[in-house]
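Structural overview for review
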Amino acid sequence: MALTGISIHLNRGEYSRFEDTRSVVKVRVIPTPDTDLTSESVVVWLEKKGIPVATQTVVFSGSSPKGTVVEFDLTNINDADGITHINRGTYKITAVQGSLIAGQTFKVAMI
């Protein structure tokens, strides 16, 4: 069965790459419907100012009433030169499959 909706929920509203307890963004991606799914891919990305800085793909098959959790560790998001692109400010998590889009913003603090 094809997806007709996507929702996402974050584990907190503010994160910091300098604190172990707040450095991992956990995103629960919940499909609608949540049963009889066959290889339904959802792309989830973390973005700042509309520019994706990290991306993951989730594939739903079978039943998934609680969805699945995707994690973005802010301490490990770096470019090819090892430079981080995560600093303080407002970020957004977006989940997309075709025309289905869900998004939620959050803050990254220095401490």
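Overview of the structure. Please read these numbers as outputs of a predicted model, since none were measured by experiment.

Quick look at a nonpolar patch on the surface
Taken together, the side chains of Phe 18, Met 110 and Ile 111 present a nonpolar region at the surface, about 350 Å² in accessible area. As for its position among the elements, Phe 18 is in the loop between β2 (14-15) and β3 (24-32). The exposure class of Phe 18 is partly exposed, given its relative accessible area of 48%.

Regarding the sheet that holds strand β4 (residues 37-48)
The five strands lie next to each other as β2-β8-β7-β4-β5, forming an open sheet whose pairing is mixed. Each edge of the open sheet is held by one strand with a lone partner, namely β2 and β5 (51-62). Pairing between β2 and strand β8 (residues 100-108): two bridges, direction parallel. In the sheet register, Tyr 15 faces β8, and the bridge partner there is Val 108.

Side note on the pattern of salt bridges
Enumeration over the complete set of coordinates arrives at two salt bridges. As a salt-bridge pair, Glu 14 and Arg 22 come within 3.0 Å of each other at their nearest N and O atoms. On the basis of relative accessible area, Glu 14 is assigned to the partly exposed category, the value being 36%. The partner of Arg 22 in a salt bridge is Glu 19, with the nearest N and O atoms 3.0 Å apart. The class of Arg 22 is buried, set by a relative accessible area of 12%. Salt bridges sharing partners connect three or more residues here, namely Glu 14, Glu 19 and Arg 22.

About the thresholds
Residues numbered from 1 in each chain as written. Predicted model: local features only at pLDDT ≥ 70, side-chain atom pairs only at ≥ 80, totals over all residues. Heavy atoms only, no water. Patch = residues over 30% accessible without salt bridge, like charges linked within 9 Å, V, L, I, M, F, W, Y side chains within 5 Å. Areas by Shrake-Rupley, 256 points an atom, 1.4 Å probe, with all protein chains shown as cover. Salt bridge = Lys/Arg side-chain N within 4 Å of Asp/Glu carboxyl O. Helix = DSSP H or I, 4+ residues; strand = E, 2+ residues; numbered from the N terminus. Buried < 20%, exposed > 50% of the residue type's maximum accessible area, 1.4 Å probe, protein only. Pairing = 2+ DSSP bridges.

These figures capture arrangement, not role.
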